[in-house]
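One letter stands for each residue in the lines below.
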Amino acid sequence: MGVEIGQLMLHLQWYRLQLNPSELAKLSDLTYAANAVSFEVGPDRWMWSPESSGLFIVRNIRKIIRFRMMVSGSF
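The structure presented is a predicted model; accordingly, all values stated were derived computationally and were not measured.

What counts and what doesn't
- Residues numbered from 1 in each chain as written.
- Predicted model: local features only at pLDDT ≥ 70, side-chain atom pairs only at ≥ 80, totals over all residues.
- Heavy atoms only, no water.
- Helix = DSSP H or I, 4+ residues; strand = E, 2+ residues; numbered from the N terminus.
- Buried < 20%, exposed > 50% of the residue type's maximum accessible area, 1.4 Å probe, protein only.
- Areas by Shrake-Rupley, 256 points an atom, 1.4 Å probe, with all protein chains shown as cover.
- Polar contact = N/O pair within 3.5 Å; in protein donor to acceptor, adjacent residues only side chain to side chain.
- Contact = heavy atoms within 4.5 Å.
- Expected span 1.5 Å × (residues − 1).
- Patch = residues over 30% accessible without salt bridge, like charges linked within 9 Å, V, L, I, M, F, W, Y side chains within 5 Å.
- Salt bridge = Lys/Arg side-chain N within 4 Å of Asp/Glu carboxyl O.
- Lys, Arg positive; Asp, Glu negative; His and termini not counted.
- Charge placed at Lys NZ, Arg CZ, Asp CG, Glu CD.

Caption draft 1: Structural detail: the overall build of the protein chain. When helices and strands are tallied, the protein chain shows 2 helices and 2 strands. N-terminal to C-terminal, the α/β element order of the protein chain is β-β-α-α. Of all 75 residues assigned to the protein chain, the portion counted as buried reaches 7%. Per element, the accessible surface of the protein chain, about 7,400 Å² overall, is 60% carbon and sulfur.

The following block contains the structure:
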């Protein structure tokens, strides 16, 4: 994996020439996730995307967990 002019470049080497449907789906998911990453020149910084301020707040993660548990019915 490398970065060229702000773009993530994946250099994949396969043991087999053909991928099965499950492997193709996983590769598609990986490619989608990798394309969502943005690189910038400068110091690293972390941002919590569920919060508009970008700050991680325990109260907010508790709300997210409760909501997901309620939606899935496992509370």
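Having seen the model, we can carry on.
Caption draft 2: The arrangement of the side chain of Glu-51 in detail. Structurally, Glu-51 can be placed in the loop between α1 (21–35) and α2 (58–72). Side-chain polar atoms of Glu-51 contact the side chain of Asn-60, separated by 2.3 Å. Residues within four places of Glu-51 in sequence aside, it is in contact with Ile-57 and Asn-60.

Caption draft 3: Region of the structure containing the environment of Leu-27. Looking at the element boundaries, Leu-27 is found in helix α1. The residues touching Leu-27, leaving out its near neighbours within four places in the chain, are Leu-12, Trp-14 and Leu-19.

Caption draft 4: Focus on α1. Under the 1.5 Å per step criterion, the end-to-end length of α1 is 21 Å for 15 residues, consistent within 8% with the ideal 21 Å. A distance of 3.0 Å separates the backbone nitrogen of Ser-22 from a side-chain oxygen at the start of α1, and that oxygen is part of Asn-20.

Caption draft 5: Highlighting α2. With 15 residues, α2 should cover 21 Å at 1.5 Å per step; its first-to-last C-alpha distance of 21 Å lies within 8% of that length. With 1 of 15 residues buried, α2 is to be regarded as a mostly surface element.

Caption draft 6: Quick peek at a positive patch on the surface. A contiguous patch of positive charge on the surface is contributed by Arg-59, Arg-62, Lys-63 and Arg-66. Owing to a relative accessible area of 51%, Arg-62 belongs among the exposed residues under this scheme.

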